[in-house]
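Okay, here's what each chain looks like letter by letter:
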Amino acid sequence: MKLSAKWILWYLAIGLYVMFFAGVFYYYQYKGIFDEQLKRGAIDMVRVYAPTLIKGLSRNQAAITLDEFDIVTRIAKDERVASLAYLNRFGEVRWFKDANKIGLSFDEFAKQFPPPTDAIELAYSSKNPRVRPVADQPLYEAAIPLAVRGDVVGIIDLQVSRIGAEGVIRQALQRYILVGSGVLLIMGITLYFFMFHSVLNPLLHLRDAIEAISFKSLELKFSPRKDEIGELAHMLQVFLQKVKAEMANTMLRERQ
């Protein structure tokens, strides 16, 4: 196999190897960033309206106010929200997309719509938002407690879809592959022309010069170069001079 073919194969193998592992790192890095943004966005979306929700909960735990109703319906219409349940401090359903479930206790509600994770329990006990991935589904369950002076008066439970984030990540990965392939191609062409000009072409000239050596003169007609190929040509020229001198000494001894 010629040197140029070996170089191309090695370059492709190393380039694809680097692109693969860099792509894996890039994917998980990008995935982590978008997942964190999705989680933080769900929590911030509720916290913006938290004062109004807490105000309604403090006035009446049994019935939802018009302001609360407007807020939860607005949040539920967000394209990232797959499901929303609004619970009061007693675990009773204050709002749900199915109006027949409003007023159910948490145990009764959980029998019909089992929570996919333990985010609600964790949020209630810790009094801090909890986001948990839903097993085998592109969802996060985000439970955001609404607290007054450390006392939880209600909880907003969201199921947030990751489909949009996964689409963005997929597009970013496709762009990475496209850009990486373009960079690999441009670098490969540039390095190949450098290799052809600095290595392959001089080696071909040296080969032609060696083939043109005359046994009468034993001279290597090769332009001087200040690199390894030039050193090789110089050493070959020195070797030919030694051979020429040895042949002259041999002929002299034969005459004597």
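Given the structure is predicted, the values throughout are model-derived calculations rather than measurements. (Residues numbered from 1 in each chain as written. Predicted model: local features only at pLDDT ≥ 70, side-chain atom pairs only at ≥ 80, totals over all residues. Heavy atoms only, no water.)

Novice: Sorry if this is basic, but what is going on with the side chain of Glu68 here?
Specialist: Position of Glu68 among the secondary structure elements: in helix α2 (residues 66–76). Residue Glu68 is classed as buried on the basis of its relative accessible area, which comes to 0%. Here Glu68 is in contact with Thr52, Leu53, Gly56, Leu57, Ala63, Tyr86 and Arg94, once residues within four sequence places are set aside. (Helix = DSSP H or I, 4+ residues; strand = E, 2+ residues; numbered from the N terminus. Buried < 20%, exposed > 50% of the residue type's maximum accessible area, 1.4 Å probe, protein only. Contact = heavy atoms within 4.5 Å.)

Novice: Would you mind showing me how to read the nonpolar core here?
Specialist: Looking at soluble globular proteins, one finds that nonpolar side chains tend to be buried together. Membership of the largest hydrophobic core comes to 24 residues, with the highest contact counts inside it found for Ile75, Leu84, Tyr86, Leu146, Ile156 and Leu158. Broken down by secondary-structure element, the contributors of at least two residues to this core are α1 (3–59), α2, β1 (81–88), β4 (139–148) and β5 (151–161). Of all the elements, α1 adds the most residues to this core, at nine residues. When residues no more than four places from it in sequence are discounted, the contact partners of Ile75 are Met45, Val46, Tyr49, Val81, Leu84 and Leu158. Listed in part, the 14 residues of the second largest apolar core include Phe96, Leu104, Ile120 and Ala143. (Core = buried A, V, L, I, M, F, W, Y, C linked by side-chain atoms within 4.5 Å.)

Novice: Would you mind showing me how to read the pairing of strand β2 (residues 93–96) here?
Specialist: Note: β1 against β2, three bridges, orientation antiparallel. Note that in β2 the partner of Tyr86 across the bridge is Trp95. Here β1 folds back onto β2, and the loop between the two strands holds four residues, one of which, Gly91, carries a positive phi near 85°. (Pairing = 2+ DSSP bridges.)

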